[in-house]
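# Descriptive analysis of the structure
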Amino acid sequence: MNPDAKEDCECAPPQADISPAGGADRENDELEVENPEASRIRKRAAAKHLIERYYHQLTEGCGNESCSNPWCASSNGFHRMDNNAAAVKALELYKVNAKLCDPHPSKKGTASAYLENSAHCNLPCSNTKTNNKDVHSVRDNFKDVNYLTEEKVYEILDICGEKEDYSPLIRVIGRVFSSAEGLVQSFRGSKPHTKEELKSLQEKDEDKDEDEKEAAACSTTAMEEDSPTSASLRLGEGSSGYNDIQKLPPDEVSVDIEAVRRVYERLLSNEKIEAAFLNALVYLSPNVECDLTYHNVYSRDPNYLNLFVIVMENSNLHSPEYLEIALPQFCKAMSKLPLAAQAKLSRLWSHYSAEHIRRMVETFQQLITYKVISNEFNSRNLVNDDDAVVAATRCLKIVYYANVLGGDLDTEHNEDEDEEPIPESSEFILQELRSEERRNKKGPRVDPLETELGIRTNDCRRPLILFEEFVNEPLNEVLEMDKDYTFFKVETENKFSFMTCPFILNAVTKNLGLYYDNRIRMYSERRITVLYSLVQGQQPNPYLRLKVRRDHIIDDALVRLEMIAMENPADLKKQLYVEFEGEQGVDEGGVSKEFFQLVVEEIFNPDIGMFTYDELTKLFWFNPSSFENEGQYTLIGIVLGLAIYNNCILDVHFPMVVYRKLMGKKGTFRDLADANPILHQSLKELLEYKGSVEEDMMITFQISQTDLFGNPLMYDLRENGDKIPVTNENRKEFVAQYAEYMLNKSVEKQFKAFRRGFHMVTNESPLKYLFRPEEIELLICGSRNLDFLALEETTEYDGGYNKDSRIIKEFWETLHSFSEEQKRLFLQFTTGTDRAPVGGLGKLKMIIAKNGPDTERLPTSHTCFNVLLLPEYSSKEKLTERLLKAITYAKGFGML
């Protein structure tokens, strides 16, 4: 990089304290007088030391078993916390100057070491100069070192150890690690890594929590004296040169990663050297950001990626002293990497061990959490506008896809796309009115990095680390989802949406984003319908109206939906409005909930024969020999899509493979584990059988099934399968084809029709982009885990009741004493479903309102709004009796 180009660039290091100017003055005896710069660095080191003491107090304790400090791990009432939470809490305790315990005499090691180091933190840098002449002679020996190798580092380290003066090494680290050119050339491998070598990088990264002594000021001096903007790059023998572009495979770099790890392990154990990496990173990052933003440096030299690989191997990046300046700046630089470079990093890191991936995740998560907690984000101060949080999230995405790539991938078994496109309205005039809307609507969103890598999240059966570890709860709590959804739809460059990184969002937040998307689409369809009615002169019909008879709900509902699907499928995206014939209920959501419940009960009735029921797993599966036509399964898919679209929970019981198939993946042998566990176990035993399969089992590639009437049906997995024996050599093929038949081929017609109906409603939704199959199940079915204590904490009161009212206290005592089945009946009575919403009952906003004085009337409810109308009964016994009768015999709607 031309130094002049850097000076012309407006991206300059924001830290004036690490300027290369004036470095020569640090060589004379005036160092004996402490300048303001050294004082500031000393204060930073002292602050770091206190934060680390708080951190160790929270994680290890002081060693005194009778300690009374509530923020000490040794006290009896202390609740243990993970490292991430402890680091954040340590910062909070430092800000309020909380109590610090002195190490107990029984506490050996870490705590006492920190007290000892506190004395050294106050020593000025000049005190380390015992023999100025010798120091200068050592320094002069390394003036020409502008890149590092493992051998060179150990050579300098040994010399410094003999002199007991590490400032020459600190100078070299400051010079090389603050220079993009120097770092790119450092630690080059003699030859590119093979895949086997990359796979061997499985060593665990240890968290280092060492003190920073006077080296902070000295490392700054090192960078000032040999700034990369003024020093020319002098390469030794064996270097490939800065402009030499190595032709490497897409998942390899020219860095000797194992050498880098060994060097870090050796150097980071020395607290005198540790601060040099921190200060160098502060100076390096803005220059790298400039290079990537304005000079397109990666396209000229792909080896530029080396510096990101080297820096990310620093196991101390998540330490508190990095969180304020160094790590945010580095994340901003890393987020500027072009798409091809991000993909290469993902491919490289996918070969790392789970522990290494976890450490990188924790590094970025720690920064996000720190920034979220240390700022007050709200609707006016959006977290979307915080550059550090946004940059860390983008960097986390690279690690996320490395986690996917490094896991157990299945990129082959994909469902075929629907043969016919989902039809829109067939009426020309309505199409004209829709033209503006349709131009703005886009197909399912796909992440660019996902496209570049050629994989999808749903291709991963088992990632290196759990997907849940990428979710940041503090971020979810402060995220204004309505604003974030707007940024997601507008797709402007200057506004970031966290919905573009759904891995960091929990299911509750993503569900809220989906809710906004569905509502806006409903309003859009309503507006178009009004315009259409004005053109045609007809009565506007802005809702999807279904008028059904309770005793003929399937006939009425499915016939009406079938007509809509054929005539104008766009009407399915209007807001659903259900009316039961002969009942006075007004549908504000509650009537729709009961409609879906009754439809599901009827559809999944085994007597109808559309689905089979497994008594062992309590799950339903498509009946391959059903007499119903494909249209009936399409209608069931529409019902499922409408439930998601109208935010209703269904009591359906499908195996997970159904949701995987809806997301575009075929069922395989491992999916039989929950879909048909007995068959799965039998086939597993076949694969593990030690004897001769052909002689002992005598099975062929012909299998049999029974239809609804118990008649056997034969099917050949291969042509003339009855004549092909299963042997030890072909048993894997037999198992794969057996699973393929059971989960895909035998129900192909039924499932395709079902999926087509589902996509009629959800084809323009970000459903596939936001949710994984297991989250789709939670979205449709809700949670079976009912925490009524959480419901009690979030319930509100109206009409004169409050949480301290006698009747309210008796109500909760009664409800908590109910059996599990009675609790579900109560939930059904009050909310319209016996399932908890996404996020649990704590996310359900229930209201208990007073409904007059003591009376013989039963409690009533508004299921549309989750409101329970409760009279003020005179006794707990009467309350229990009236409530049980109400929830047991609740059926139908009426006007109060």
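The model shown is predicted, which means the values in this text are computed figures rather than measured ones.

## As for the overall build of the chain
Counting its regular elements, the chain contains 39 helices and twelve strands. The buried share among the 896 residues of the chain stands at 53%. Summarising the internal contacts of the chain: among those between residues at least 6 apart in sequence, 78% fall at separations of at least 24. By element, 48% of the accessible surface of the chain is carried by carbon and sulfur atoms, the whole surface being about 40600 Å².

## Description of the packing of aromatic side chains
This model, assessed by the stated rule, comprises 34 aromatic pairs. Ring centres of Tyr400 and Phe503 lie 4.6 Å apart, and the angle between their planes is 15°; on these two criteria the pair is classed as stacked. Of this pair, Tyr400 sits in helix H19 (residues 387–405) while Phe503 is found in the loop between helix H23 (481–490) and helix H24 (507–536), placing the two residues 103 residues apart along the sequence. The exposure class assigned to Tyr400 is buried, which follows from its relative accessible area of 5%. Linked through ring pairs, Phe604, Phe611, Tyr613, Phe620, Trp621, Phe622, Tyr633, Phe654, Phe751 and Phe754 together constitute an aromatic cluster. Stacked on the ring of Tyr577, the Lys or Arg Arg545 has its end atom at 4.7 Å from the ring centre. Here Arg550 stacks its cationic end above the ring of Phe580, 4.4 Å away from the centre of that ring.

## Some points on unusual backbone geometry
Negative phi is the rule for most residues except glycine; trans is the rule for most peptide bonds. In this structure, Glu164 takes a positive phi of about 55° despite not being glycine. Judged by its relative accessible area of 66%, Glu164 is exposed. Even without being glycine, Asn720 reaches a positive phi, approximately 55°. Along the chain, Asn720 turns up in the loop between strand E8 (712–716) and helix H32 (731–743).

## A closer look at the pairing of strand E12 (residues 867–870)
Walk down a regular strand and you will see the side chains alternate between the two sheet faces. Burial along E12 is two-sided: the residues Val867 and Leu869 and Leu868 and Leu870 are all buried. By the bridge criterion, four bridges tie strand E10 (residues 847–850) to E12 in an arrangement that is parallel. For Ile848, the partnering residue across the bridge sits in E12 and is Leu868. Summarising the sheet, strand E11 (residues 860–862) and E12 pair through three bridges and their orientation is antiparallel. From the neighbouring strand, Thr860 faces E12, where its bridge partner is Leu869.

## Details of the environment of His816
Along the chain, His816 turns up in helix H37 (residues 806–817). Assessed through its relative accessible area of 29%, His816 is described here as partly exposed. C-alpha separation for the pair His816 and Glu792, spaced 24 residues apart in sequence, amounts to 9.9 Å. Filtering out sequence-adjacent residues up to four positions away, His816 remains in contact with Phe788, Leu789, Glu792 and Lys823.

## Notes on the confidence of the model for the chain
Averaged over the chain, the pLDDT score is 79; the fraction of residues at 70 or greater is 79%. Counted against residues more than four places away or in other chains, residues 201–246, with its pLDDT under 50, gives 147 contacts.

## Considerations on helix H7 (residues 167–177)
Most of H7 sits out of view: eleven of its eleven residues are buried. Regarding H7, the residues found buried are Ser167, Pro168, Leu169, Ile170, Arg171, Val172, Ile173, Gly174, Arg175, Val176 and Phe177.

## Quick word on the side chain of Ser335
Along the chain, Ser335 turns up in helix H16 (residues 326–335). For Ser335, the side chain forms a polar contact with the main-chain oxygen of Lys332, separated by 2.7 Å. When residues no more than four places from it in sequence are discounted, the contact partners of Ser335 are Gln342, Ala391, Arg394 and Cys395.

What counts and what doesn't
Residues numbered from 1 in each chain as written. Predicted model: local features only at pLDDT ≥ 70, side-chain atom pairs only at ≥ 80, totals over all residues. Heavy atoms only, no water. Helix = DSSP H or I, 4+ residues; strand = E, 2+ residues; numbered from the N terminus. Buried < 20%, exposed > 50% of the residue type's maximum accessible area, 1.4 Å probe, protein only. Contact = heavy atoms within 4.5 Å. Areas by Shrake-Rupley, 256 points an atom, 1.4 Å probe, with all protein chains shown as cover. Phe/Tyr/Trp six-rings, centres within 6.5 Å; stacked < 30°, edge-to-face > 60°. Lys NZ or Arg CZ within 6 Å of the ring centre and 35° of its normal. Pairing = 2+ DSSP bridges. pLDDT = per-residue confidence, 0-100. Polar contact = N/O pair within 3.5 Å; in protein donor to acceptor, adjacent residues only side chain to side chain.

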